[in-house]
Amino acid sequence: MLPPVLGVLFDGIAYGMLLFLLSVGLSVTLGLMNFVNLAHCAFAMLGGYVTVTLMNVLHWPFFATLPLAFLIAAAASVAFERTLYRRLYRASDLDQVLLTIGIAFVSVAVAAWFFGTTQQPVDMPAYMRGSFNVLGLNIAAYRLFLVGVGVAVTVALIGALEYTRFGAQVRAAVDNQRMASGLGINVDLTFAITFALGSGLAGLGGALAIEIVGLDPNFAFTYLVYVLIIVSVGGLGSIAGSFAAACLIGISDIAGKYYVPELGAFLIYLVMVVVLMWRPAGLFGKR
Amino acid sequence: MSAPAHIAPSKDAIANRAIALATRGLSMSFGSLVVARDIDLNLPVGARYALIGPNGAGKTTLINMMTGMLAPNSGQIFLGDEAITHLEPQDRVRRGLARTFQINTLFAGLNPLEAVTLAVIERRGIAGTFWQNIAMHREAIEEAHGILVKLRLGDCCYQPTRELPYGRQRLLEIALALATKPKVLLLDEPAAGVPQDESGDIFEVVASLSDDLTLLFIEHDMHVVFRFASHIIVLVGGAVFAQGTPAEIAADTGVREVYLGKRKHG
Amino acid sequence: MPASAAPSTPQQYLQSLSRWHPIEIAFWLATLTPFLLFPTYLSLASQIAVAALFALSLDLILGYAGIVSLGHAAFFGIGAYTAGLFSKFVWGEPLSGLLVATAMAALVGYASSFIVARFRHLTLIMITLGLGLLLAEAANSAGWLTGGSDGLQGVDIWPLLGLFKFDLYGTTAYAYSLSVLFVVFLMARRLINSPFGLALRGIRENWVRMPAIGADSRSHIRKVYTISAGVAGIAGAVIAQTTSTVSLEALSFERSADVLVMLVLGGAGRLYGGLVGAAIFMIARDQFSGIAPQFWYFWIGILLIAVVMLLPNGILGGLSKILARWRGR
Ligand SMILES: Nc1ncnc2c1ncn2[C@@H]1O[C@H](COP(=O)(O)OP(=O)(O)OP(=O)(O)O)[C@@H](O)[C@H]1O
Ligand SMILES: [Mg+2]
């Protein structure tokens, strides 16, 4: 018999994987360009709505919608990057915050306009709804799947960053932009691609999140807070950092809600403030 | 206090003077790039040192370390007798170590009068006063204006800094540093980017500074260096390659090959 | 350079920068018109004055020292709850309550300023956001003290100066909030024209240069953050006293975001920006009070995008540019 704390731990990690998918893109783009993108979760929300629409209107199976959630979120983010964001790379934090908060506000209203303010239903395939028993511990199939996706994405990202040419360029640009452009790396293009990839992952995260946390127009803000916490706790530009921070926050949040529900979200804010005071650049951050 | 102008202090006289600024074993690297290797320097009081070296030699980095904007990996820095290696940048300034920047680092939205007044009130310790109008502090304002006039900026002191001609902005860099009443002044390419005919003006101003002021300036133009420096330090690849009087440096075949020679051909 | 006669000394020049402009006097006279012309809108006018106070407090840190805060409602809420609790447990005299609330907000501001002054950029934004959310959650959990999501019960404010009751029409409320706003504005105006104000502008204009002229930016930031927190506390206390209610909304992220919107809409770093922005924002919200909140925020979003892209210095910045061009011809 395994103690129930392991069940909480497992749920926390599954939740953390979701948060990781939502936040890793922002972490890398922030590390690259220092661009404070508070609309990041609007792209995640877009992914969620793509999945909902494809499933409920066109009756696609859940898994078939996921690639499109990724692609459409990525494409939309590139459209914004090329038209609005790129003009503010050298602007102040304040301008970046204002522009992207503005975009997030608009995304909330647009989502409410098209889909209403209620939670969106999704019909999971039957084999994803089940759960199985491991030594007395109830493991939900879908959460196990989430952990699988999270680990796979992490491995893929770290592998791509370590072993591909593009990855080397991204790493060089995160470490030192001056030097990277001096070495002939096209920082602009590198950024655009990374940005699309990061938003695509967020879109995927948004689609996968529906089953766990639901989807309504406030998603863009509710999860923004989590994402920002993970990014700053993990350290800008660090994939391993985002992973560790997402697990930490996921576990703290689930455990907090399970054991001390009256504290609400207090615990994760506390974790963030404490970590940042101890290490202003985050757990794995260099700057 | 200062020697009569016509008697140039001999090399020995300088060597016997007290040391204003010294470094011991200063080392630093950015990742795998070593930008300072075991640098030992002594700047005697009142000396005019030039720091030369090819691009990327680590000259600016050395100034950044001396002024506390970058922390060395190892080594020590002394201002007079005091170790300042671990002081905050502003505390070094308050002890008399000022600098200018190679790339203009000015207050774009303030005018020169406001900017220099700011430096003066910081030095006088009244910058925290929030209950009095600044115009009440006449002495500070007049001191600031005096510095501006001395640096030939009197006629544009009400114009926003961002609208000033570039050469004027370079002078304002120096004015801001002077307002801190430094004992040691580190000038990072004071005439960088200024057309040749104007750069002479800037160095005239530099040369007219008080004899008690210890000066270290970075400069690429060898004519200027040989004209204004009493002593030259050559930095190559983060290490002190040679140092001595202008005559010694000019005669040093190593320097000629590594640095001066290259410049003449390039 | 000012268009008026050239000042003869540098000192007179600096003096001339802080002289009262006729437009300013007209502005303050205009704030009196609601008493005569719009007596039915006095409660709204009072809310505008409070929002203006809050925006002014944010302007001190954002517009003058360049500190972006996404959690400024923390101090507004502390002021509001302190004033409410003070009236409930001590007595309902408003001016003493105002002082206590100010002191409390300033004290918490001082304590958190040690954290805030250590950071820049994203970490700073996150820290202010985190502290704000932390406090909101704490107030939510501490239902025994704050009343939780039901709001604080039992706020009872005595008549102002023992004479003027806070009535339903809002006459006293507006007179009170406007007087407080004006007094605080005078102090803020003095502050920005002081040596300290110049140092703050230095921090905003060039953070890197400040240490190189011997300035300890962190100690300046601690000071202005404390002052700004105190002013935000005043705003919170006034809203609590004039409406006799305090709710968790006073601490919410929306409030932090709204005040930021008001300030950038009016124009940060120009004292009147927050006041003008607050008036426009509050009047617009009153006019559109029928529409669902998310569509209200749609327009706010469009507005933010437009301000950043087209009007980087807010409405007042745009106006002064037009004015300068017009004068230049
Ligand atoms: N913050 C930094 N991070 C990484 N590398 C840096 C940084 N600052 C400088 N460098 C590198 O360190 C080396 C020394 O730079 P430094 O600015 O000290 O050179 P310099 O001698 O002043 O050159 P120049 O004559 O061009 O001004 C250069 O190769 C530069 O690219
Ligand atoms: Mg240099």
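Above this text sits the structure in question.
Residues numbered from 1 in each chain as written. Chains lettered and ligands numbered in written order. Predicted model: local features only at pLDDT ≥ 70, side-chain atom pairs only at ≥ 80, totals over all residues. Heavy atoms only, no water.

**Focus: the overall build of chain B**
- Within chain B, the secondary structure is distributed over 10 helices and 10 strands.
- On C-alpha atoms alone, chain B measures out to a radius of gyration of 19 Å, which is about the 18 Å that the 2.2 N^0.38 rule sets for 266 residues.
- Judged by the C-alpha coordinates and their principal axes, chain B covers about 60 × 40 × 40 Å.
- Out of the 266 residues belonging to chain B, those deemed buried represent 55%.
- Taking all contacts inside chain B whose residues are at least 6 apart in sequence as the whole, residues at least 24 apart take part in 65%.
- Accessible area for chain B stands at about 11700 Å²; split by element, carbon and sulfur atoms hold 52% of it. (Helix = DSSP H or I, 4+ residues; strand = E, 2+ residues; numbered from the N terminus. Rg over C-alpha atoms; globule rule 2.2 N^0.38 Å. Buried < 20%, exposed > 50% of the residue type's maximum accessible area, 1.4 Å probe, protein only. Contact = heavy atoms within 4.5 Å. Areas by Shrake-Rupley, 256 points an atom, 1.4 Å probe, with all protein chains shown as cover.)

**Some words on helix α4 (residues 42–62) of chain C**
- If you check α4 of chain C, its first and last C-alpha atoms are 29 Å apart, about what 21 residues at 1.5 Å a residue would give, namely 30 Å.
- In terms of residue burial, α4 of chain C counts as a mostly covered element, since 19 of its 21 residues are buried. (Expected span 1.5 Å × (residues − 1).)

**A few points about the interface of chain C and chain B**
- In this assembly, 34 residues from chain C lie in contact with 41 residues from chain B.
- Both sides of the chain C and chain B interface together cover about 3400 Å² of buried area, and 64% of this is carbon and sulfur.
- The tally of links from chain C across to chain B stands at two salt bridges.
- Two residues, Glu114 of chain B and Arg201 of chain C, come together in a salt bridge whose shortest N-O distance is 3.3 Å.
- Across the contact surface, chain C and chain B share 17 residue pairs in polar contact (both at pLDDT 80 or more).
- Elements supplying a minimum of two residues to the side of chain C that touches chain B: α1 (10–17), α9 (171–192), α10 (195–205), α11 (209–212) and α12 (217–243) of chain C.
- For the side of chain C that touches chain B, a count of residues per class yields 18 nonpolar, 10 polar and six charged. (Buried area = accessible area lost by both parts, 1.4 Å probe. Salt bridge = Lys/Arg side-chain N within 4 Å of Asp/Glu carboxyl O. Polar contact = N/O pair within 3.5 Å; in protein donor to acceptor, adjacent residues only side chain to side chain. Nonpolar A, V, L, I, M, F, W, Y, C, P; charged D, E, K, R; others polar.)

**Some points on the coordination of the magnesium ion (ligand 2)**
- Within the protein, Thr60 of chain B (OG1) and Gln102 of chain B (OE1) serve as the donor atoms for the magnesium ion (ligand 2), at 1.9 to 2.1 Å. Within this pair, whereas Thr60 of chain B is found in helix α2 (residues 59–66), its partner Gln102 of chain B is found in the loop between β6 (97–99) and α4 (112–124), the two being separated by 42 residues in sequence. (Donors = N, O, S within 2.8 Å, 3.2 Å for Na, K, Ca; no water.)

**A few points about the pattern of salt bridges**
Residue and element names in this part refer to chain B.
- Counted by the stated rule, this structure contains 16 salt bridges over all chains.
- Note that Glu82 and Arg95 form a salt bridge whose closest N and O atoms lie 3.0 Å from each other. With Glu82 in strand β5 (residues 82–83) and Arg95 in the loop between α3 (89–94) and β6, the pair connects residues that are 13 residues apart, well separated along the chain.
- The exposure class of Arg95 is partly exposed, given its relative accessible area of 31%.
- Members of the salt-bridge network, linked through shared partners, are Arg123, Arg124, Glu139 and Glu143.

**A look at the packing of aromatic side chains**
- The full count for this structure, using the stated rule, is 35 aromatic pairs over all chains.
- Plain terms: the ring middles of Tyr85 of chain A and Phe195 of chain A are 5.5 Å apart, the flat faces sit at 70° to each other, and that makes the pair edge-to-face. Pair noted here: Tyr85 of chain A is in the loop between α3 (62–83) and α4 (93–115) and Phe195 of chain A is in helix α9 (residues 187–213), with a separation of 110 residues, a long-range link. As far as the burial class goes, Tyr85 of chain A and Phe195 of chain A line up, both buried.
- Here the aromatic rings of Phe27 of chain C and Trp28 of chain C are separated by 5.3 Å at their centres, their planes lie at 85°, and the arrangement is edge-to-face.
- Three or more aromatic residues link up through ring pairs in this structure, and these residues are Phe35, Phe43, Phe80, Tyr85, Phe191 and Phe195 of chain A.
- Of note, Arg189 of chain C hangs over the ring of Trp20 of chain C, and the distance from its end group to the ring centre comes to 4.1 Å.
- When the ring centre of Phe196 of chain C is taken as reference, the NZ or CZ atom of Lys223 of chain C above it lies at 5.2 Å. (Phe/Tyr/Trp six-rings, centres within 6.5 Å; stacked < 30°, edge-to-face > 60°. Lys NZ or Arg CZ within 6 Å of the ring centre and 35° of its normal.)

**Brief notes about the arrangement of the chains**
- The chain pair with the greatest number of contacts, out of two pairs of chains in contact, is formed by chains B and C.
- One finds no contact between chain A and chain B; the C-alpha atoms of the two approach each other to within 10 Å at their closest.

As far as function goes, none of this settles anything; it's purely spatial.
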